[in-house]
Amino acid sequence: MATFIRFYPRITKAVVLSGACTALAVGAAAPAPAVGPAPAPPAVPSVSALSWEVMDARTGDVLAAKAPHRRLPPASTLKTLFAVTVLPKLRQNLVHRATSADLSEVAEGSSLVGVDEGHRYTVGDLWRGVFLSSGNDAVHTLSRMNGGLPRTLADMQATARRIGARDTQVRSPDGFDAPGQYSSAHDLALIAKEGFKNPDFRRYMGTKWARFPAAGGPDAYEIQNTNRLLVGSHGVEPYPGLIGVKNGYTSHAGNTLVSAATHKGRTILVTVMNPQEESFNAVYEEARALLDWGFAAAPLRARQQAGPQRTPAVRQLTAAAPVAAAPAEAPHPASGLVKHLGAASALVVLCGVSVLLRRRLRTRRGTR
């Protein structure tokens with residue numbers, strides 16, 4: 001080693017040895033192995049609905065769908081659009097005395113919460129009537145408080161346009177069958193996603209039981225949410241983590257359902273429209289199957305979109321002198337270890353020589 005150093009100028013010795021010591025101190029991190037591609041998502045369950053969609057509620061990504069833009073009668077799931085439109089306009093503690101005019105345009109055969117002429121209700125009472133009992137009488141009372149039916153319908157249509165729900169045409173504020181009224185699985189998912197931005201919407205859509213009116217009194221009674229997937233009833237088990245949103249039924253629309261559930265910080269939103277299976281609980285069980293699939297598929301979908309990943313390598317400093325690449329040869333566990341140990345030993349020797357050389361140079365300068 002001393003013979004080798006003696007034949008090179010001092011600058012070259014300093015550069016080579018300094019680079020070697022730097023390489024030893026920092027370490028040449030081997031490229032991290034690439035993580036393999038994410039497993040394929042599980043097969044989408046077979047469901048009988050004419051139209052459905054599974055959406056990641058945070059990102060808006062559609063994970064799977066069948067005819068998501070097919071225009072179908074929405075039934076009471078359209079009440080979500082009514083809520084997104086009117087909820088922000090009326091104070092929740094505002095008290096209103098119901099009138100005959102409020103109830104005059106409620107269609108025969110409508111679902112009702114029991115709004116009675118002459119009784120006083122808070123706006124919050126009426127919204128619980130909308131979300132829990134799907135009360136068309138509560139919807140029409142709130143519509144009158146919003147300025148009347150024509151204005152409310154125009155406001156709802158404007159809201160649909162604003163949020164991109166282009167498959168939706170509004171003819172009634174409560175979703176009751178009306179000629180020319182329709183929506184789609186995709187639009188109903190967009191509407192629910194928009195509703196999540198409003199804390200009152202989130203609170204009402206997840207309420208299971210309430211007193212109507214909440215102030216009590218001799219005529220008050222308990223109402224229960226008709227969403228069987230939320231409360232668990234009529235042979236349907238409640239879905240873990242379900243947070244809402246709204247169910248519906250008419251003879252023309254069949255069963256419709258918008259459901260959302262949260263698990264491990266992820267919210268999956270499922271819309272199911274008009275299952276063809278004859279079971280009356282089919283809409284809930286098909287939504288359950290799609291929610292299960294969504295929670296299994298969403299993390300895998302996210303990994304696939306991100307592409308193959310590499311574990312971050314240790315940040316390296318650039319050596320002062322380039323290091324020649326060793327000839328390629330077949331790897332062997334034992335020989336590879338020996339090579340690395342040998343290289344490390346050589347660098348240790350070089351660093352030691354470098355220190356001795358610097359000290360010797362300083363000594364010579366001091367004696368001049």
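My aim in this report is to walk through the structure given alongside it, one point at a time. No experiment lies behind these values; they were computed from the predicted model shown.

### Remarks on helix H5 (residues 123-133)
Step number 1: Counting buried positions along H5 yields eleven of eleven residues, so the element is predominantly enclosed.
Step number 2: Looking at H5, one finds that the buried residues are Val 123, Gly 124, Asp 125, Leu 126, Trp 127, Arg 128, Gly 129, Val 130, Phe 131, Leu 132 and Ser 133.
Step number 3: Phi turns positive one or two residues past the end of H5, at Ser 134, with a value near 55 degrees.

### Observations concerning the packing of helix H3 (residues 79-86) against H5
Step number 1: Viewed as axis vectors pointing N to C, H3 and H5 meet at an angle of 155 degrees, and their least axial separation amounts to 11 Å. In terms of axis orientation, H3 runs roughly antiparallel to H5. In this structure, the crossing between H3 and H5 has a hand that is left-handed. Contacts from Lys 79, Phe 82, Ala 83 and Val 86 of H3 reach H5 at Trp 127, Val 130 and Phe 131.
Step number 2: Residues of the contact of H3 with H5, tallied by class, amount to six nonpolar, no polar and one charged.

### Quick notes on the packing of aromatic side chains
Step number 1: Enumeration over the complete set of coordinates arrives at seven aromatic pairs.
Step number 2: When the centroid spacing of 5.4 Å and the interplanar angle of 90 degrees are considered together, the rings of Phe 131 and Phe 201 count as edge-to-face. Within this pair, whereas Phe 131 is found in helix H5, its partner Phe 201 is found in helix H9 (residues 199-205), the two being separated by 70 residues in sequence. Like Phe 201, Phe 131 is buried.
Step number 3: Each ring, one from Tyr 249 and one from Phe 280, has its centre 5.7 Å from the other, and the planes form 70 degrees; the classification is edge-to-face. Residue Tyr 249 is located in strand S7 (residues 242-250), and its partner Phe 280 is located in the loop between strand S9 (266-275) and helix H11 (282-306); the two are separated by 31 residues in the primary sequence.

### A look at the pattern of salt bridges
Step number 1: On inspection of all chains with the given rule, the structure shows ten salt bridges.
Step number 2: Put simply, Glu 194 and Lys 197 hold a salt bridge, and the shortest N to O gap is 3.0 Å.
Step number 3: With relative accessibility at 17%, the residue Glu 194 sits in the buried group.
Step number 4: Using a relative accessible area of 58% as the deciding quantity, one classes Lys 197 as exposed.
Step number 5: Beyond isolated ion pairs, a larger network of salt bridges with shared partners links Lys 89, Arg 151 and Asp 155.

What counts as what
Residues numbered from 1 in each chain as written. Predicted model: local features only at pLDDT ≥ 70, side-chain atom pairs only at ≥ 80, totals over all residues. Heavy atoms only, no water. Buried < 20%, exposed > 50% of the residue type's maximum accessible area, 1.4 Å probe, protein only. Helix = DSSP H or I, 4+ residues; strand = E, 2+ residues; numbered from the N terminus. Axes fitted to C-alpha atoms, helices over the stretch in contact; angles between N-to-C directions. Parallel < 35°, antiparallel > 145°, perpendicular 65-115°, else oblique. Left-handed = near helix turned anticlockwise from the far one by under 90°. Contact = heavy atoms within 4.5 Å. Nonpolar A, V, L, I, M, F, W, Y, C, P; charged D, E, K, R; others polar. Phe/Tyr/Trp six-rings, centres within 6.5 Å; stacked < 30°, edge-to-face > 60°. Salt bridge = Lys/Arg side-chain N within 4 Å of Asp/Glu carboxyl O.

Any functional reading would require information that these geometric values do not contain.
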